[in-house]
Amino acid sequence: MEFTCNFKYEKMLSRGKKLISCDGDNYSYRLEITEQEMCNKMLAFDNIAEDQKEVISSAQIYFVKALEYNRILLHAAVSVSGYAYLFFAPPSGGKSTLARNWKKILGNECIVLADASPIISKEKGETYTWNSCWSKITEEGTPLKHKLHGVCIIHKTNKECNDITPISYKEAAALVSNGYPEGLFRNRVYYMLIEYLREIPCWECYYDGSVEASKRFVKEMVGTYAE
């Protein structure tokens, strides 16, 4: 799917130069955000800079439109040896911390694919993740698709319990979709994730942000695919 949008501000222009058309390798469809759509959406936001309005507005429009092409804009992702692992949490919930710690632990074997808003979809029976132009931090030079190998639902904690527990794909789909507004979009996201995560290992974890906890999560999640 080719995605086009005429961004005006440097924040999205600089990201878009590299990632504007990174949505997989199937260009059978074209998703466009028009100038009028962008203007209308930006009017809904007050007391923030215009360039940030463009970031938020374009992400929200893309999210709604992409659902029609069976794509979901999600939370954060890393790639280990070319395979993606998705992290889900509310804002400031530990996603970026976990991604950075995985990088510390695994070194060059791991890249931070997207600190925000990667795309998930299914092609030819396999679930893949791509970067998007709404990610502030990425180590990916050329946009690629990464086969999804694991999903972690994060609950931030200060109690140093750092439990990680396997859960079913249905439980994971429910936990993720509950983060969206109740109604049509939540239901759509839930049923799409039911399909996309059906063969994907999923976990629920309680995380204090420490490197030691991150090591445990790496061992549990990446070890699932170890020889």
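Below or above, wherever it landed, is the structure these notes cover. This is a predicted model, so every value here is computed, not measured.

Thoughts on the overall build of the protein chain
Thinking step 1. Along the protein chain, the regular secondary structure elements total 7 helices and 11 strands.
Thinking step 2. Seen along its three principal axes, the alpha-carbon backbone of the protein chain occupies a region of about 50 × 40 × 35 Å.
Thinking step 3. Per-residue burial over the protein chain gives 48% buried out of 227 residues.
Thinking step 4. Taking the intrachain contacts of the protein chain between residues at least 6 apart in sequence as the baseline, contacts between residues at least 24 apart amount to 71%.
Thinking step 5. Total accessible area on the protein chain is roughly 11,400 Å²; 50% of this is exposed by carbon and sulfur atoms.
Thinking step 6. Considering the protein chain, the positive charge centre built from 28 side chains and the negative charge centre built from 29 side chains are found 1 Å apart.

Quick look at a nonpolar patch on the surface
Thinking step 1. A cluster of nonpolar residues, Val64, Leu184 and Phe185, forms a patch on the protein surface that exposes about 280 Å² of accessible area.
Thinking step 2. Turning to its location among the elements, Val64 is positioned in helix 3 (residues 50-67).
Thinking step 3. Look at Val64 and you get partly exposed, because its relative accessible area is 34%.

What about the packing of aromatic side chains?
Thinking step 1. Following the criterion strictly, the structure yields 7 aromatic pairs and no others.
Thinking step 2. An angle of 75 degrees between the planes, with centres 5.0 Å apart, marks the rings of Tyr190 and Tyr191 as edge-to-face.
Thinking step 3. A relative accessible area of 23% places Tyr190 in the partly exposed class.
Thinking step 4. Members of the aromatic cluster, joined through ring pairs, are Tyr85, Phe87 and Trp102.
Thinking step 5. Positioned over the ring face of Tyr128 is Lys145, at 4.4 Å from the centre of the ring.

Observations regarding the nonpolar core
Thinking step 1. Counting residues in each nonpolar core, the largest one holds 46 residues, and the members touching the most others are Tyr62, Ile72, Trp134, Val151 and Leu197.
Thinking step 2. With 7 residues, helix 3 is the single largest residue contributor to this core.
Thinking step 3. Listed in part, the 22 residues of the second largest apolar core include Val78, Cys110, Cys205 and Ala213.

Notes on helix 7 (residues 211-222)
Thinking step 1. Across its 12 residues, helix 7 extends 16 Å between first and last C-alpha, which sits within 8% of the 16 Å expected from 1.5 Å per residue.
Thinking step 2. When we look at burial in helix 7, the residues that qualify are Ala213, Ser214, Phe217, Val218, Met221 and Val222. Buried residues of helix 7, seen end-on, are gathered within an arc of 140 degrees and therefore sit on one face of the element. In helix 7, those exposed residues whose orientation departs by more than 90 degrees from the buried face are Glu212 and Lys219.
Thinking step 3. Where helix 7 is buried, its residues touch strand 4 (76-80), strand 5 (83-88), helix 4 (95-106), strand 9 (145-156), strand 10 (164-167) and strand 11 (202-207).

Quick word on the packing of helix 4 against helix 7
Thinking step 1. Close contact between helix 4 and helix 7 brings their axes to 9 Å; oriented N to C, the two are set at 80 degrees. The angle between helix 4 and helix 7 places the two elements in the roughly perpendicular class. Where helix 4 abuts helix 7, its residues Leu98, Asn101, Trp102, Lys104, Ile105 and Leu106 lie against Val211, Ser214, Lys215, Phe217, Val218, Met221 and Val222.
Thinking step 2. For the contact of helix 4 with helix 7, a count of residues per class yields 9 nonpolar, 2 polar and 2 charged.

A short note on the packing of helix 3 against helix 6 (residues 184-196)
Thinking step 1. One way to put it is that helix 3 packs onto helix 6 with a least axis distance of 11 Å and a crossing angle of 60 degrees. Relative to helix 6, the element helix 3 is oriented oblique. For the crossing formed where helix 3 meets helix 6, the hand is left-handed. Listed contacts from helix 6 to Phe63, Val64 and Leu67 of helix 3 are Phe185, Arg188, Val189 and Met192.
Thinking step 2. Class assignment of the residues belonging to the contact of helix 3 with helix 6 gives a composition of 6 nonpolar, no polar and 1 charged.

Thresholds, definitions, all that
- Residues numbered from 1 in each chain as written.
- Predicted model: local features only at pLDDT ≥ 70, side-chain atom pairs only at ≥ 80, totals over all residues.
- Heavy atoms only, no water.
- Helix = DSSP H or I, 4+ residues; strand = E, 2+ residues; numbered from the N terminus.
- Buried < 20%, exposed > 50% of the residue type's maximum accessible area, 1.4 Å probe, protein only.
- Contact = heavy atoms within 4.5 Å.
- Areas by Shrake-Rupley, 256 points an atom, 1.4 Å probe, with all protein chains shown as cover.
- Lys, Arg positive; Asp, Glu negative; His and termini not counted.
- Charge placed at Lys NZ, Arg CZ, Asp CG, Glu CD.
- Patch = residues over 30% accessible without salt bridge, like charges linked within 9 Å, V, L, I, M, F, W, Y side chains within 5 Å.
- Salt bridge = Lys/Arg side-chain N within 4 Å of Asp/Glu carboxyl O.
- Phe/Tyr/Trp six-rings, centres within 6.5 Å; stacked < 30°, edge-to-face > 60°.
- Lys NZ or Arg CZ within 6 Å of the ring centre and 35° of its normal.
- Core = buried A, V, L, I, M, F, W, Y, C linked by side-chain atoms within 4.5 Å.
- Expected span 1.5 Å × (residues − 1).
- Arc of directions from axis to C-beta.
- Axes fitted to C-alpha atoms, helices over the stretch in contact; angles between N-to-C directions.
- Parallel < 35°, antiparallel > 145°, perpendicular 65-115°, else oblique.
- Nonpolar A, V, L, I, M, F, W, Y, C, P; charged D, E, K, R; others polar.
- Left-handed = near helix turned anticlockwise from the far one by under 90°.

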